[in-house]
Amino acid sequence: MGRIVIDPLTRIEGHLKIEVEIEGGTVVQANSSGMLFRGLEIILKGRDPRDAQTITQRVCGVCPTPHAMAAALNLDSAFGIDDKIPDNGRIIRNLILGASELSDHVLHFYHLSSLDYVDVTKIKSYEGKDPFLTSIKNFINRGELSPFVPRYEGDYRLPDKLNEALVSHYIEALNIRRKGQEMVAIFGGKMPHNVGILPGGVASIPTPDNISSFLWRLKEIKGFIENVYLPDVIALAKVYSDYFEIGKGCGRLLSFGVYDLEGKEKDLTKRKRFYSSGRTDTSMTYSEIDPSKIAEYVKYSFYEDSSTARHPKDGITAPKPEKAGAYSWLKSPRYDGMVYEVGPLARIMVNYAKGNEKVRKLVDSTLSEIGVKLENMFSTMGRHLARALETKLLSEVMEDWVLSLKIGEPCYVPYEIPEESEGIGLLEAARGALCHAIRIKEGKIENYQVITPSTWNVSPKDDKDQPGALEQALIGTKIKDEKNPFEIVRIVRSFDPCLACSIHLIDARGKERTAFRIT
């Protein structure tokens, strides 16, 4: 029996360890380990509840915006104003979050995942006049190959012209990502860690200037998605169509829904949203969500056993770094005791199962063009395709949202902090279902819990020894070359894992001076 350890697995957000056992060329056992502990939930205890709005965004420097939204929804709920947010506030929140998501998906495909399929080193012999390719050629000829190497070797199949196009778009996507970040800052004040989203609404107001500034950037990004991003994903999917059969996973999908289209329904799982909440599986049957059935388990996590099987409102963060048998700092969230995958694939398939006509039409036409079936969406390539499809749908509706803002009307509602209360914020981050839960006592935070999308997807085995969603996607995978396990990294990156970054100090030449581990 062979063993492959990838630690850290790079080109994801944060650091992840993957360990698999191989028998007869097939993965028979997989462990996914998040090896960082940050303790933000502990830091929040005893603080003013409004501090959660700022501190929880520090969960991540890449995707802080969904945490700003989840914290705001959570505090709206706890403060009793969740059905009073003005329409302008609701819409501007959607625009800030949507801009963040467009930016994140472009980053994930071109700068994190495409290098698993694109051979950048071929550009060394490029003789054309594309300025982006010429800049890459000059870069390579200076002998500087990072971040394109080191890499696994041996499975780069794209035709030369398509390979060149994707490398050129890698550079173009950097500019598109910048535009997306600028859109976040227009209404959010800055990026990362925006200051625009607040409990009660938003801190910015619509003006002719910021509406037009947001809109022209959105139109440019929308054009890129329609004419470059989605066609690139489809072209790559045709060449690597075998990845519609690899990395299936647990076959169960869950979405909290996202982008509020109204603000009067207090139950977030029943609120009308652009992407509805719900569950589905390989049968494509739609089911609603009951948040009371969510619990986190810690048998294989570095936490006290007494903290297992708890709903997020009653969750405990009790670290135990030396726990025998544990192999991850991530807990194991489960719905009704079962493993679920979250993310763009879940959003698209849940809404397909619910009968969303726009989603169905786009998915069906795209799958027909590629020549695969709906069941093939449960796969490595299906996750990439779902991400690109939802980006197209989102960029189209965001034009309507920004033009529906009403200049001069309120964006914020005042509130008082209750002495005792509790709340919950449920929505979709770019990477999937995100939950914030708070309990307030004597006007301070008594308990705060966060369940991130990657905790759902990258979790270790639970108390029933059920492997997590990513672990299940790896088990059963055939590995052609154990020295170049392309299959493993392609599956992992299709989930777009996001783990908190460690804390480092470097000097100006990039030399690491020291590293801190907080326990």
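Up top is the structure these notes are about.
What comes next is a walk through the structure. (Residues numbered from 1 in each chain as written. Predicted model: local features only at pLDDT ≥ 70, side-chain atom pairs only at ≥ 80, totals over all residues. Heavy atoms only, no water.)

**Quick look at the overall build of the chain**
Just so we agree on the cut-off: Note on conventions: DSSP H or I runs of at least 4 residues are helices, E runs of at least 2 residues are strands, and numbering of each starts at the N terminus. Whether two residues touch is decided by their heavy atoms; if any such pair falls within 4.5 Å, the residues are in contact. Note on areas: Shrake-Rupley, 1.4 Å probe, and residue coverage restricted to the protein chains presented here.
Secondary structure assignment for the chain yields 13 helices and 16 strands. Along the longest, intermediate and shortest principal axes, the C-alpha atoms of the chain span 65 × 60 × 55 Å. Restricting to contacts in the chain with at least 6 residues of sequence separation, those with at least 24 account for 73%. Counting only carbon and sulfur atoms, one obtains 51% of the accessible surface of the chain, whose full area is about 20,400 Å².

**What about the sheet that holds strand E13 (residues 432-441)?**
For clarity, the cut-off: A pair of strands is treated as paired once DSSP finds two or more bridges between them. Angles shown run from 0 to 180 degrees and are taken between the N-to-C directions of axes, each axis being a line fitted to C-alpha atoms and, for helices, limited to the stretch in contact.
The three strands are arranged E12-E13-E14 in an open sheet whose pairing can be described as antiparallel. Of all strands in the sheet, those with a lone pairing partner are strand E12 (420-429) and strand E14 (444-451), marking the two edges. The mean angle between the axes of side-by-side strands here comes to 10°, regardless of whether they run parallel or antiparallel. Taken together, the seven bridges between E13 and E14 define a ladder with antiparallel strand orientation.

**A short note on the sheet that holds strand E2 (residues 16-23)**
Taken together, three strands build an open sheet; the order of strands is E1-E2-E3 and the sheet is antiparallel. Of all strands in the sheet, those bounded by a partner on one side alone are strand E1 (2-9) and strand E3 (26-34). Mean inter-strand twist for the sheet, computed between neighbouring axes without regard to direction, equals 15°. Against the sheet, helix H13 (residues 486-494) contacts E1 and E2, and its axis sits at roughly 45° relative to E1.

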